[in-house]
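# Working through the structure, step by step
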Amino acid sequence: MKFEHPAGANPIDRMEVVGHPLDRVDGPLKTSGLATYAYEHQDLPQAPAYGVIVGAGIAKGRLVSLDLTHAEASPGVLAIVTADNAGPLHLGRHNVAPLLGGPQIIHYHQAIAVVVARTFEQATAAAALVCPRFDVEEGVFDPEAARRDAPLNTDDDAENSSGIGDFDKAFAEADVTLDQTYRTPAETHAMMEPYASIAWWDDDALSLWTSNQMIAWGHKDLAKTLGIPKEKVRLRSPYVGGGFGGKLFLRADALLAALGARAAKCPVKVVMQRPLIANNTTHRPATIQRLRIGASKDGTITAIGHDNWYVNIADSSEDTSTNQTQYLYAGANRMTRTRRAVVDLPEGNAMRAPGEASGLMALEIAMDELAEALDMDPVQLRIRNDTRVAPEDPDLAFSQRHFVECLEKGADLFGWDQRTAPGARREGDMLIGMGMAAAFRNNMNVTSAARVMLDGKGGVTVQTDMTDIGTGSYTILAQTAAEMLGIPVEAVKVELGDSNFPVSAGSGGQFGANSSTSGLYAACMKLRAIVCDKLGLDADHATFDKGKVIQGNRSLDLVDAGPLEAEDKMEWGDIDDAYQQSTFGAHFVEAGVDIWTGEVRVRRMLAVCDAGRILNPKTARSQMIGAMTMGLGGALMEELAVDKARGFFVNHDLAGYEVPVHADVPHQQVVFLDEVDDKVSPMKAKGVGELGLCGVAAAIANAVYNATGVRVRDYPITLDKLIGGMPIPT
Ligand code: MOS
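Residues numbered from 1 in each chain as written. Predicted model: local features only at pLDDT ≥ 70, side-chain atom pairs only at ≥ 80, totals over all residues. Heavy atoms only, no water.

### Notes on the overall build of the protein chain
Along the backbone of the protein chain there are 18 helices and 32 strands. In terms of C-alpha radius of gyration, the protein chain reaches 27 Å, essentially the compact-globule figure of 27 Å for 730 residues. Considering only C-alpha atoms, the protein chain reaches an extent of 80 × 70 × 55 Å along its principal axes. Sorting the 730 residues of the protein chain into buried and exposed places 61% on the buried side. Look at the contacts in the protein chain between residues 6 or more apart in sequence, and 81% of them connect residues 24 or more apart. (Helix = DSSP H or I, 4+ residues; strand = E, 2+ residues; numbered from the N terminus. Rg over C-alpha atoms; globule rule 2.2 N^0.38 Å. Buried < 20%, exposed > 50% of the residue type's maximum accessible area, 1.4 Å probe, protein only. Contact = heavy atoms within 4.5 Å.)

### Some remarks on the nonpolar core
Side chains of nonpolar character tend, in soluble globular proteins, to be buried together. With 90 residues, the main nonpolar core has Leu363, Leu370, Phe588, Leu636, Ile700 and Leu722 as its most contacted residues. Element by element, the count of residues in this core is highest for helix H10 (residues 356-374), at 11 residues. Once residues lying within four places of it in the same chain are set aside, the contact partners of Leu370 are Val176, Leu178, Ile293, Ala295, Ile301 and Leu381. Core analysis: the next-biggest nonpolar cluster, separate from the first, contains 51 residues, Val18, Tyr474, Val531 and Leu537 among them. (Core = buried A, V, L, I, M, F, W, Y, C linked by side-chain atoms within 4.5 Å.)

### Some words on the pattern of salt bridges
All chains considered together, the criterion is met by 37 salt bridges. Two residues, Glu427 and Arg425, come together in a salt bridge whose shortest N-O distance is 2.9 Å. We classify Arg425 as partly exposed; its relative accessible area is 22%. A salt bridge links Lys546 to Asp545, with the nearest nitrogen and oxygen atoms 3.6 Å apart. When salt bridges that share partners are traced, they join Arg425, Glu427, Glu590, Arg603 and Arg604 into one network. (Salt bridge = Lys/Arg side-chain N within 4 Å of Asp/Glu carboxyl O.)

### With respect to the side chain of Asp610
When you line up the elements, Asp610 lands in strand E29 (residues 600-610). Notably, Asp610 is buried but unbridged: the nearest opposite-charge side chain belongs to Lys686, and the N-O separation is 5.2 Å. A polar contact of 2.7 Å, which involves the side chain of Asp610, links it to the backbone nitrogen of His402. Those residues in contact with Asp610 that lie beyond four places of it in its chain are Arg401, His402, Phe403, Cys406, Thr583, Phe584, Leu673 and Glu675. (Lys, Arg positive; Asp, Glu negative; His and termini not counted. Polar contact = N/O pair within 3.5 Å; in protein donor to acceptor, adjacent residues only side chain to side chain.)

### Observations regarding the sheet that holds strand E3 (residues 61-67)
Taken together, the three strands give an open sheet; going across it, the order is E5-E3-E7, and neighbouring strands pair in antiparallel fashion. The sheet is open, and its two edges are formed by strand E5 (104-105) and strand E7 (131-136), each paired on a single side. Bridge analysis of E3 against E7 gives six bridges, and the strand direction is antiparallel. Looking at the pairing, Ser65 lines up with Arg133 of E7. (Pairing = 2+ DSSP bridges.)

### Side note on the packing of aromatic side chains
The full count for this structure, using the stated rule, is 12 aromatic pairs. Ring geometry for Tyr108 versus Phe648: centroids 4.3 Å apart, planes at 20°, classification stacked. Here the residue Tyr108 occupies a position in the loop between E5 and strand E6 (111-117), and Phe648 occupies one in strand E31 (residues 648-649), the gap between them amounting to 540 residues. Across the pair, exposure class does not vary: Tyr108 and Phe648 are buried alike. By the ring-pair criterion, three or more aromatic residues cluster together here, those being Tyr327, Tyr329, Phe398, Phe403, Phe440 and Phe584. (Phe/Tyr/Trp six-rings, centres within 6.5 Å; stacked < 30°, edge-to-face > 60°.)

### Brief notes about helix H3 (residues 120-127)
Of all the positions in H3, only Ala123, Ala126 and Ala127 are classed as buried. The buried residues of H3 occupy one face: seen down the axis, they fall within an arc of 100°. Of the surrounding elements, those touching the buried residues of H3 are strand E2 (49-55), helix H2 (69-73), strand E4 (77-82) and E6. (Arc of directions from axis to C-beta.)

### A look at the pairing of strand E12 (residues 233-236)
Pairing of strand E11 (residues 205-210) with E12, which is carried by four bridges, proceeds in the parallel orientation. The residue of E12 that forms the bridge with Ser207 is Arg234. Taking the sense of rotation as the criterion, the β-α-β connection linking E11, helix H6 (residues 215-226) and E12 turns out right-handed. (Right-handed = clockwise from strand over helix to strand, strands pointing away.)

### Details of the side chain of Thr480
On the secondary structure map, Thr480 appears in helix H13 (residues 473-485). Apart from residues lying up to four places away in sequence, Thr480 is in contact with Ile12, Val18, Thr517, Leu520, Tyr521 and Met683.

### Some thoughts on the environment of Val676
Position of Val676 among the secondary structure elements: in the loop between strand E32 (667-672) and helix H17 (696-708). Sequence-wise, Val676 and Ser504 are 172 residues apart; in three dimensions their C-alpha atoms are separated by 23 Å. Apart from the residues lying within four places of it in its own chain, the contact partners of Val676 are Gln400, Gly612, Arg613 and Lys684.

### Let's talk about the sheet that holds strand E26 (residues 554-557)
Pairing in this open sheet of three strands is antiparallel, and the strands run E24-E25-E26 from one edge to the other. Only two strands of the sheet have a single partner each, and these edge strands are strand E24 (543-545) and E26. This sheet shows a mean twist of 25° between the axes of neighbouring strands, independent of strand direction. Across three bridges, E24 lies against strand E25 (residues 548-551) in antiparallel orientation. Across the sheet, the residue bridging to Asp545 is Lys548, located in E25. Packed onto the sheet, helix H14 (residues 512-535) meets E24, E25 and E26 and runs at close to 95° relative to E24. (Axes fitted to C-alpha atoms, helices over the stretch in contact; angles between N-to-C directions.)

### Some thoughts on the packing of H6 against helix H7 (residues 252-264)
With their axes 11 Å apart at the nearest point, H6 and H7 run at an angle of 45° to one another. Between H6 and H7, the crossing angle belongs to the class labelled oblique. Here the hand of the crossing between H6 and H7 comes out right-handed. Seen from H6, the contacting residues are Leu222, Thr225 and Leu226; seen from H7, they are Leu255, Ala258, Leu259 and Arg262. Taken together, the residues that form the contact of H6 with H7 break down as five nonpolar, one polar and one charged. (Parallel < 35°, antiparallel > 145°, perpendicular 65-115°, else oblique. Left-handed = near helix turned anticlockwise from the far one by under 90°. Nonpolar A, V, L, I, M, F, W, Y, C, P; charged D, E, K, R; others polar.)

### Points about the packing of helix H16 (residues 617-636) against H17
Axis separation between H16 and H17 bottoms out at 7 Å; the angle between their running directions is 55°. One element, H16, and the other, H17, form an angle in the oblique class. You can see that H16 and H17 cross each other, and the crossing is right-handed. Taken together, the residues of H17 that come into contact with H16 (itself represented by Met628, Gly631, Leu632, Gly634, Ala635 and Leu636) are Val696, Ala697 and Ile700.

Now the structure itself:
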């Protein structure tokens, strides 16, 4: 099925099941431990052995020798796989650095060996006896130094270098201008479940339990890396304990489990040690962003310029932190430019809302600063610069844009009119401030397929390789099938995350919910036609309701159609380009700052969102509050600190890399505008999982400024950056 025209009325509009705040269908499995995660599977052909990864202790250079003598002689050791003995390996399409390194070392903690032993303890002990010798090469590790050398990405069609009008002239002539530079640090995904896989071979066929967001990508890349046909590989990832973009790609745990199992001739389990994750895998790249905005005295933006230097290795994908600047505010003269500051650190790549998450951290402080320079309310400044069309392409209208409603509703609900001048509100030892920021994230639609089967006894099974990374995919897919077939949600069984199932969009880019349910919609439409055919009804005029198929005065039991199945996919036609598809929101934050210590406590958070139809308000709210919590971490805590001499992230475990805990998280309120977007899909839904993060950190930064009068432009906003500028307590 192809989505080419705005959706008309369809079975989803009944909203008997879709749109209701159902509990997660997988909730009882998760709370009782019956949802089996990658490392926990017991149903293996033989008892498994354990693989432990050895990471390189240098950032750049050559592995000159690797002495395995002591490790091999260590008790219980079955095999040690290195680049020397692994056989030919190829680079996966989504990998930049080889997952098994050597002799060339490209980044710190790049895997150089996996030690396989009978027990985990034996493998850990033996891994410590592996003796590498390196020739260290000099590298560039200092982001600021790399930025000074960063060439402009001159490629005219580089996605994130764009503009219209004459920015320089308009900026020079503007009544009021803002020119500031903001810094966001590298962040690690810090998901609860580490990267983990169990692999085994049956002759030349490989099976894996793994933890991966994108089954089809992992499946293809594992086959490609090993140089075997993908028909010989089966990848399963039914439950994922968080990914945030870190598990979009094939990672070392999966490859090394496969290689270890081949060498040891038994199933091998590999969990990536927590301290390896930050440097071995990908992270959100650091950015240095210069914002220049010019406005007339009434607050109308006349010039907006965004230069982004992102800190990454030479072959990385391009950072998209200028994205929201191309779409969010009106203004006739605009310019965005993206440059890579090349370093020899580990590869930066996608992390939740890649681009907008770090871009709004800069843009939305800049807007707060501009509002102050204009002596204008920050909410009003944003309303003044709303636009109905993509500002760089005036012929391109938004499919839906209720940004102003989000701002107005948020300001009203939050009590924004109670906001004081900076530093003017004190309660005991706390200075109290309010801040706000816009949320924006583009909507993407990705081809997605599903299979749906009637068992002829009232039960329905859905199969797709879609993943549930803690997001609620099982639940919204069950709701979609129940709605489409007119059956109770309890009658639907959803099976996910298996490379034998039809290929879905996977979980990424907040496209998963809308795309995967649309794929299931297509399969259900096909099944409805087959059912009607079988029952002698006309699918165009039949309704499916309460286990019946009804047409005119005829009402037949769905079970009488017998066992039937259908498979289809949803693809998107030109409509994707005919409208600018985006999601919008507004974040409001109240923060207290201790007047003696500079410690920040966020006291209240509110998000108002415009993201099309909300398929399940409960799981969507959970996505939102999780994202808002992540934004709190980004504002106040999260930073991968760079060792600029040796080239690695120093705080590479959860003791040194701080994320919010429950005690850090205040009251969070989430409001969804009651909207549907008929231009995006038959589900009329978009995504919220990333929108929820976009703008949060800036809203907190602005609240801290309002509390203290101290403007911090360098995340995270830790107390050392505040304390010197704080008012002297009395
Ligand atoms: Mo997302 S960063 O595409 O998992």
